[in-house]
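Observations on the model geometry
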Amino acid sequence: MKTIEGGVCAAQGFSAHGLHCGIRKNTSKNDLSLIYSEVPCSAAAVYTTNLVKGAPLTVTKQHLQNGIAQAIICNSGNANTCNADGIEIAEKMSGLTAGELSLSPDDIVVASTGVIGLPLPVEPIEAALPALVQGLNPNGSHEAALGIMTTDTIAKEVAVEFTLGGKTCHIGGIAKGSGMIHPDMATMLVFLTSDVAIEPGLLQKALSGDIQSTFNMLSIDGDTSTNDMVVILANGKADNPAISDDSEDFKTFMKALNTVTVELCRMIAGDGEGATKLLECIVSGARDEATAKTVAKSVICSSLLKAAMFGADANWGRVLCAIGYSGADVDVMKIDVSFRSGKGEILVCKNGAGVAFSEETAKEILLEKEIEILVDLNSGDISSTAWGCDLTYDYVRINGDYRT
């Protein structure tokens, strides 16, 4: 298995494009994206658990009831959430897209991201669709990735190549996510594509299983968005023996999918609103998976710890504090804590108590862009990882006037 270029277009038979249609005021930023497969795909999706959901999620869920889709249309700048005509607009977006592509509206995934509660005009989307479809190309992943961004500072694209049944296969994806991100299902928009032949039920099983250790372990600010969605399309163009059961090929597919989603998690966490550092909490020595995940998520979600990491302050007490209120059943007298980065590793807590360490060395380690918070519970052999970022002054600045 190897990482390759191509993002959401790395898989055979997929093309994409993105452009500015006029939803966003800044004309230099794309705000409409399209992903298209030349043949129908097995399709699967997971959605936010927030009771307040964007209209596109409701429409997409209806469209994917048969496990088949062929295109994804997404706008940025307006979330189409809490609008009286939201369902109508989402249906119209998918209908217009289907018309341009000569598909059924039921074969369209529709998504939106941006400000909540503002009416979404469909006219700019309708006017731009002919050019969007005409611009579809097998090198269009980057433009599509730009078109789904909101406060993101970088486009997020990943792809891998692997082998199934002697056939070369691919999984690729694009993602957006910088704020309103918290573990409770998807926590952003992610669009994944593959040329693997796999039955829709198995594809759903793969995606639903994968998010438990990837996107559900990602937090920026503790707010679960209304428009979170992860969608995967698999068109079978690799011509591998179709995956229809829990075979070795299914396990290989799961590994490839996880490689892509973990990297997207890291990219999203590192690009959190106002963030200067990617934080990765690695919990080991847990008695069970639930304990490991609970501890890792609690640590990564601690605002006090996130602030300390921004200041390169080795305030390890905040790690234990977060573990203590996590609800996990742990023996606090067995916990070890270390900080690690490209500058080295330093032990700061042993058996639940502080140890002597160099503040200067710790600061040097914590000044790096990627920080690992290592927690050993010393009570078993189960591990888990969660991703997040530091909490900076810029987070408040960005969100203080996000709507205006």
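Higher on the page you've got the structure.
Residues numbered from 1 in each chain as written. Predicted model: local features only at pLDDT ≥ 70, side-chain atom pairs only at ≥ 80, totals over all residues. Heavy atoms only, no water.

1. Focus: the overall build of the protein
Looking only at helices and strands, the protein features eleven helices and 15 strands. Computed over its C-alpha atoms, the radius of gyration of the protein comes to 22 Å, within 12% of the 22 Å expected for a compact globule of 404 residues. By principal-axis analysis of the C-alpha atoms, the protein measures approximately 70 × 55 × 35 Å. Counting all 404 residues of the protein, 55% fall into the buried class. At a minimum sequence separation of 6, the contacts of the protein that also span at least 24 residues come to 80%. Distance between charge centroids for the protein: 4 Å, based on 29 positive and 49 negative side chains. (Helix = DSSP H or I, 4+ residues; strand = E, 2+ residues; numbered from the N terminus. Rg over C-alpha atoms; globule rule 2.2 N^0.38 Å. Buried < 20%, exposed > 50% of the residue type's maximum accessible area, 1.4 Å probe, protein only. Contact = heavy atoms within 4.5 Å. Lys, Arg positive; Asp, Glu negative; His and termini not counted. Charge placed at Lys NZ, Arg CZ, Asp CG, Glu CD.)

2. Section: unusual backbone geometry
When glycine is set aside, most residues are seen to have a negative phi, and most peptide bonds are trans. The phi dihedral of A312 falls on the positive side, at around 55°, and the residue is not glycine. Assignment of secondary structure puts A312 in the loop between α8 (303–310) and α9 (317–324). A positive phi angle, close to 55°, is found at N351, a residue other than glycine. Secondary-structure assignment places N351 in the loop between β12 (344–350) and β13 (353–354). For N351, a relative accessible area of 40% gives the class partly exposed.

3. A short note on the nonpolar core
Ranked by internal contacts, the top residues of the largest apolar core, which has 73 residues, are F253 and V375. At ten residues, the largest contribution of residues to this core is made by helix α6 (residues 248–270). Excluding its chain neighbours within four sequence positions, the residues that come into contact with F253 are F162, I171, S194, V196, I198, L203, A206, I232 and I243. Listed in part, the 28 residues of the second largest apolar core include V8, C9, Y47 and L57. (Core = buried A, V, L, I, M, F, W, Y, C linked by side-chain atoms within 4.5 Å.)

4. As for the pattern of salt bridges
This structure, assessed with the given rule, holds 14 salt bridges. The residue K156 makes a salt bridge to D271 at a minimum N-O spacing of 2.7 Å. Here K156 is found in strand β6 (residues 156–164), whereas its partner D271 is found in the loop between α6 and β10 (278–286), with 115 residues between them in sequence. Each of the two residues, K156 as well as D271, counts as buried. We note a salt bridge from E345 to R340, for which the minimum N-O separation is 3.4 Å. Through salt bridges with shared partners, one network takes in D152, K156 and D271. (Salt bridge = Lys/Arg side-chain N within 4 Å of Asp/Glu carboxyl O.)

5. Details of the sheet that holds β13
Read across the open sheet, the six strands follow the order β13-β12-β11-β14-β10-β15; overall the sheet is mixed. Sheet topology places β13 and β15 (382–389) at the edges, where each strand pairs with a single neighbour. Here two bridges tie β12 to β13, and the two strands are oriented antiparallel to one another. Residue pairing for β13: K350 is matched across the bridge by A353. (Pairing = 2+ DSSP bridges.)

6. Focus on the state of the cysteines
Applying the stated rule across the entire model yields zero disulfides. Not engaged in a disulfide, the cysteine C301 finds its nearest cysteine sulfur in C281; these two sulfurs lie 10 Å apart. For C301, a relative accessible area of 25% puts it in the partly exposed group. (Disulfide = S-S within 2.5 Å.)

7. As for the packing of helix α5 (residues 200–210) against α6
At their nearest, the axes of α5 and α6 sit 10 Å apart, and the two run at 45° to each other. One element, α5, and the other, α6, form an angle in the oblique class. Once α5 is placed against α6, the crossing between them reads as right-handed. When α5 is examined against α6, the residues L202, L203, K205, A206, L207 and D210 are found in contact with a partner set consisting of F250, F253, M254, L257, N258 and T261. Of the residues assigned to the contact of α5 with α6, the class counts are eight nonpolar, two polar and two charged. (Axes fitted to C-alpha atoms, helices over the stretch in contact; angles between N-to-C directions. Parallel < 35°, antiparallel > 145°, perpendicular 65-115°, else oblique. Left-handed = near helix turned anticlockwise from the far one by under 90°. Nonpolar A, V, L, I, M, F, W, Y, C, P; charged D, E, K, R; others polar.)

8. Let's talk about empty space enclosed by the protein
Taken as a whole and judged by the stated rule, the model has one cavity of 30 Å³ or more. One number sums up the size of the largest cavity: a volume of about 30 Å³. Lining the largest cavity, in full, are G285, A286, R287, T291, D329, V330, D331, L377 and S379. A class-by-class count of the residues in the lining of the largest cavity yields three nonpolar, three polar and three charged. (1 Å grid on protein atoms, 1.4 Å probe; cavity = no way out; pocket = protein on both sides within 12 Å on 5 of 7 lines; lining within 4 Å. Points joined across faces, edges and corners; volume = space filled by probe spheres on them.)

9. Some remarks on the environment of P200
Looking at the secondary structure, you find P200 in helix α5. Measuring from C-alpha to C-alpha, the distance between P200 and S42 comes to 4.8 Å, with 158 residues separating the pair along the chain. Contact partners of P200, with chain neighbours within four places excluded, come to S42, A43 and G67.

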